[in-house]
There are 2 protein chains.
Amino acid sequence: MRPQDIITKKRDGKRLSEEEISFFIKGVTDGSWADYQTTALIMAMFLNELDSEEQSYITQAMLNSGDVLDFSDIDKPKADKHSTGGVGDKTSLIIAPLAASCGIAVPMISGRSLGHTGGTLDKLESIKGFNVNLSTAEFKRIVKECGYAMAGQTADIAPADKKIYALRDATATVSTVPLIVASIMSKKLAEGLDALVLDVKTGNGAFMSEFENAKRLAEAMVETGNSFGVKTQALITDMNQPLGKYVGNAHEVFECVKVLRNEIDDQMKPMLEVALELASRMLLLSHVSESTAQAKELLVEKIESGEALEKFRKNLVMQGGTPEICDEPGSLLDRNLFKLRIESKRDGFVSKIETTKIGKAISYIGGGRLKAGDSIDHSVGYACEAKLGDEIRRGEALGMLFCRDKNQADSISEKLRSAYRIADIKPRKKDLIKDVI
Amino acid sequence: MRPQDIITKKRDGKRLSEEEISFFIKGVTDGSWADYQTTALIMAMFLNELDSEEQSYITQAMLNSGDVLDFSDIDKPKADKHSTGGVGDKTSLIIAPLAASCGIAVPMISGRSLGHTGGTLDKLESIKGFNVNLSTAEFKRIVKECGYAMAGQTADIAPADKKIYALRDATATVSTVPLIVASIMSKKLAEGLDALVLDVKTGNGAFMSEFENAKRLAEAMVETGNSFGVKTQALITDMNQPLGKYVGNAHEVFECVKVLRNEIDDQMKPMLEVALELASRMLLLSHVSESTAQAKELLVEKIESGEALEKFRKNLVMQGGTPEICDEPGSLLDRNLFKLRIESKRDGFVSKIETTKIGKAISYIGGGRLKAGDSIDHSVGYACEAKLGDEIRRGEALGMLFCRDKNQADSISEKLRSAYRIADIKPRKKDLIKDVI
């Protein structure tokens, strides 16, 4: 077998066998395939697609390229959730302690901000001292003792994915369902899970803005997860506005601590709703609850009783973060930031929010990474005061920008303001949860 | 502009602008595009194609990546021919001295054997001392003084093509019309020609086995050549059997010297016919003759008078080859080779010859390169005794193999024999020249 032969087959739209896909992924991992051969095949896969069997083969091969975590010594159901990424999407930070406080072990391997979207690891690093670079042994110990741990992908987990993802990023071959599925699922399956809940975002702030594409991605991931013996469900959720109140790393952690403290602003409620929906399905798939209604009741109880907050505190202690933020969430926020009210220029109803524009604006001032390797300013952020459908008057705040100085504020204020469309008629309310796969 | 943006456009089937294609080719030449980005774009170009304007832009950009020869001090029409490659395809060796002896300057930059096909440079190197590695200055001097020169592509001629071709070879993206056109034409246009005649092979021994594909390639090359101000014509010629009598480097040079000496076996006649057809069009496009009939008459006269042979001799002297082969062509052949008659197993007519099989068999024993970098044994070869349509009896020779020893002969004799199909009915004769574009 030669790389050229495999490339020729996929170039000509033929099906690759399990052996051929395994030869490819082994070649990527051991370097016997040149990067320029890998990207030629990936472009052919992008344009000629993979069927569901090939999808399964490549996921398996990428999973096999590294270690699979073994949690057989933890006598609890193991479950995780994964989101395809959005703006203000911070549910992981409350789902993990919530699920853990209901008796589920949550080994959560997360990613970083890229483009207009945030990343859980960057959010966690806005907590002073918090360490996301855990060895496999540390990671397992924390999952065992605390109920959940949150860390980055180690070199031992799906190394083929790491290499292929970097090449896809440099060759405009990221946004294709089969390769997205293989990339996400090879990492998630390496967590040794019993159950997995996927949050597939759709709308103008999602990678898959079209509902049909999001659905296709959700179906492919659910099919793949189940075929590997992991009970998998996907929710398709709305990303036509930032999720919850804040965008920006420290601000998002602040919002989560406020929710865990049961101090919940109106703007935070949609975020909590999505989090409860996702977490309830983790409970359901793990047989902790018998219905989503029962599960949600239990989850709300864990917030009201403070148990979820105590889980969060325990994790902070074990991962090196400052547990004081649980008592004083305001300590997360830099009080010396320059503030700018983004005001509406007319009366009306918020009828559209260009979510990607907001995400990119915040990334632009350091809240995220426009390209891999950019450094992050954890303090800057944005509070969404007006949400879709809200009535607003001229001069009232659409949002509040927190940044370093006036220059920074000037550089993006018009971008932020122009992300909002104000109409005369109140728009129809859109469902937050659009589908369950 | 970033490589990703260009890749995205072509990935999505959009047209690239002149500026974008020039950015790509510059990036390949100066290394600012990574090879893995180049191959991703090339695969997207392969699958989503290039239109005729993009075709022209990429040819121009590849041409601009290096030097263009300047023959303005030679007061003769400059013309060349190029073949897309086949088995036993040796016409360059007689076309160059023929055209030169008719007053045309022929600056012929040629290639090497790859796969089942031969290469002019390898054939020339079977002549003791012949030097194909000429500097631009030497090349020009020989064209000027002798009327023709034959050399390999220098680093100064279309360097982007050299790099891209190597990457295409390793990523199964060779066989696509726009990139073939750009590769061939960027080199040919660098020769500073007034006229160009293309020999596009079709049939089971050609890269473009289907006539329609060959025609598409021919049309694209002719369009490109003319758009650059070079009078260009293409012949589509038959490659359903080796062209002429011999396959193998020294044997092919032997055949050409025999033809130039006007000692022409029946099996050599089709080769001469194609050569005259091509050369006559060089004369026509260069206004040396007024019709192909008149041109062919002149060319035949140059053979019969010995003038073409004397041109060939003069070139040998100037490029370091042994001129004695003109008087003793047999001295080209190694008399100590092991000979094996490939015999027909039944009576009938030769109805099919799998030409690629014959080319590959001879490459296998060293007559060509199965992969780039393989070394060549110039002496081994094959004489095609029976041609398509010939009547043959059981035990008569289909061909004669000349190789190193019995082991070598055994390794390919069955392959050679099985390349022939013998039928009861005489097949319809196929045209040697299938179309003129």
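The preceding data block contains the structure.
Residues numbered from 1 in each chain as written. Chains lettered and ligands numbered in written order. Predicted model: local features only at pLDDT ≥ 70, side-chain atom pairs only at ≥ 80, totals over all residues. Heavy atoms only, no water.

Looking at this structure, how should I read the overall build of chain A?
Secondary structure summary: chain A contains 16 helices and 13 strands in total. Principal axes of the C-alpha set define a box for chain A whose edges measure 65 × 45 × 40 Å. When burial is assessed residue by residue, chain A has 57% of its 437 residues classed as buried. In chain A, once contacts between residues fewer than 6 apart in sequence are set aside, the share between residues at least 24 apart is 77%. Carbon and sulfur atoms make up 46% of the accessible area of chain A, which totals about 16900 Å². Where the 59 positive side-chain charges of chain A centre and where its 64 negative ones centre are 4 Å apart. (Helix = DSSP H or I, 4+ residues; strand = E, 2+ residues; numbered from the N terminus. Buried < 20%, exposed > 50% of the residue type's maximum accessible area, 1.4 Å probe, protein only. Contact = heavy atoms within 4.5 Å. Areas by Shrake-Rupley, 256 points an atom, 1.4 Å probe, with all protein chains shown as cover. Lys, Arg positive; Asp, Glu negative; His and termini not counted. Charge placed at Lys NZ, Arg CZ, Asp CG, Glu CD.)

I'm lost on the interface of chain A and chain B in this one. Help?
Many structure descriptions define interface size as the accessible area lost when the parts assemble. At the junction of the two partners, chain A supplies 20 residues and chain B supplies 20 residues. By the criterion of area lost to chain B, the three top residues of chain A are Arg11, Tyr36 and Met43 of chain A, representing 34% of everything that side buries. Joining chain A to chain B, the criterion identifies zero salt bridges. On inspection of chain A and its partner chain B, the count reaches seven residue pairs in polar contact (both at pLDDT 80 or more). Top contributing element to the side of chain A that touches chain B by residue count: helix α3 (residues 35-48) of chain A, with ten residues. (Buried area = accessible area lost by both parts, 1.4 Å probe. Salt bridge = Lys/Arg side-chain N within 4 Å of Asp/Glu carboxyl O. Polar contact = N/O pair within 3.5 Å; in protein donor to acceptor, adjacent residues only side chain to side chain.)

So what exactly am I meant to see when it comes to the packing of helix α15 (residues 355-367) of chain A against helix α16 (residues 406-418) of chain A here?
Between two packed helices, both the angle of their axes relative to each other and the distance between the axes serve to describe the pair. Residues and elements named next belong to chain A. As a packed pair, α15 and α16 sit with axes 9 Å apart at the nearest point and diverge in direction by 175°. When the interaxial angle is binned, α15 and α16 end up roughly antiparallel. Residues Lys357, Ile358, Ala361, Ile362, Tyr364 and Ile365 of α15 form the contact with α16, whose participating residues are Gln408, Ser411, Ile412, Lys415, Leu416 and Ser418. A per-class count over the contact of α15 with α16 returns seven nonpolar, three polar and two charged. (Axes fitted to C-alpha atoms, helices over the stretch in contact; angles between N-to-C directions. Parallel < 35°, antiparallel > 145°, perpendicular 65-115°, else oblique. Nonpolar A, V, L, I, M, F, W, Y, C, P; charged D, E, K, R; others polar.)

Explain the relation of the copies chain A and chain B to me, please; I cannot follow it from the model alone.
Mapping one chain copy onto the other needs a rotation about an axis and a shift along that axis. Superposing chain A onto chain B takes a rotation of 180° plus a shift of 0.1 Å along the axis, which leaves an RMSD of 0.1 Å. Here the symmetry operator amounts to a two-fold rotation axis. Across chain A, the rotation axis passes nearest the C-alpha of Tyr36 of chain A, at a separation of 1.9 Å. When the interface residues of chain A are mapped onto chain B, 100% of them are again interface residues, pointing to one common binding face. (Least-squares fit on C-alpha atoms with pLDDT ≥ 70 in both.)

Could you clarify how one ought to interpret the packing of aromatic side chains in this entry?
The way to describe two aromatic rings as a pair is by their centre distance and the angle between their planes. Tallying each qualifying case throughout the model produces six aromatic pairs over all chains. Summarising the aromatic geometry, the rings of Phe23 of chain B and Trp33 of chain B are spaced 6.0 Å apart at their centres and angled 65° between planes, so their arrangement reads as edge-to-face. Of the two residues, Phe23 of chain B is situated in helix α2 (residues 18-30) and Trp33 of chain B in the loop between α2 and α3 (35-48); the sequence distance between them amounts to ten residues. In this structure Phe23 of chain B comes out as partly exposed when scored by relative accessible area, which is 25%. Here Lys415 of chain A stacks its cationic end above the ring of Tyr364 of chain A, 5.2 Å away from the centre of that ring. (Phe/Tyr/Trp six-rings, centres within 6.5 Å; stacked < 30°, edge-to-face > 60°. Lys NZ or Arg CZ within 6 Å of the ring centre and 35° of its normal.)

What is the right way to read the environment of Lys188 of chain B from this model?
Residues and elements named next belong to chain B. Relative to the elements of secondary structure, Lys188 occurs in helix α9 (residues 177-189). By relative accessible area, Lys188 is classed as buried at 3%. In this structure the C-alpha to C-alpha distance between Lys188 and Ala79, which are 109 residues apart in sequence, comes to 9.9 Å. When residues no more than four places from it in sequence are discounted, the contact partners of Lys188 are Asp80, Lys81, His82, Ile109, Leu193 and Leu196.

Explain the packing of α3 of chain A against α3 of chain B here, please?
Where α3 of chain A meets α3 of chain B, the closest approach of the two axes is 7 Å, and the angle between their N-to-C directions is 35°. Here α3 of chain A runs over α3 of chain B; the crossing is right-handed. Listed contacts from α3 of chain B to Asp35, Tyr36, Thr39, Ala40, Met43, Ala44, Leu47 and Asn48 of chain A of α3 of chain A are Asp35, Tyr36, Thr39, Ala40, Met43, Ala44, Leu47 and Asn48 of chain B. Across the contact of α3 of chain A with α3 of chain B, the residue classes tally to ten nonpolar, four polar and two charged. (Left-handed = near helix turned anticlockwise from the far one by under 90°.)

Teacher, can you tell me more about the environment of Ile236 of chain B here?
Residue and element names in this part refer to chain B. In this fold, Ile236 is placed in strand β5 (residues 231-238). Each C-alpha atom, one on Ile236 and one on Ile437, is 7.8 Å from the other, the two residues being 201 residues apart in sequence. The residues touching Ile236, leaving out its near neighbours within four places in the chain, are Val200, Thr202, Phe211, Ala214, Lys215, Ala218, Leu432, Ile433, Lys434, Asp435 and Ile437.

Just to check I follow, could you spell out the sheet that holds strand β8 (residues 348-353) of chain B for this structure?
To summarise the sheet geometry, strands pair through backbone hydrogen bonds and adopt either a parallel or an antiparallel arrangement. Taken together, the three strands give an open sheet; going across it, the order is β10-β8-β12 (chain B), and neighbouring strands pair in antiparallel fashion. With partners counted over all chains shown, the strands left at the sheet margins are β10 (391-392) and β12 (420-423) of chain B, one partner each. (Pairing = 2+ DSSP bridges.)

Looking at this model, I keep getting lost on α3 of chain B. Mind explaining?
Residues spaced three or four apart along an α-helix point in a common direction, a consequence of the helix completing one turn every 3.6 residues. All names here are of chain B. In this model α3 runs 20 Å from its N-terminal to its C-terminal C-alpha over 14 residues, within 8% of the 20 Å that 1.5 Å per residue would give. Of the residues making up α3, those classed as buried are Gln37, Thr38, Thr39, Ala40, Leu41, Ile42, Met43, Ala44, Met45 and Phe46. Immediately downstream of α3, the backbone of Glu49 shows phi near 65°, a positive value. (Expected span 1.5 Å × (residues − 1).)

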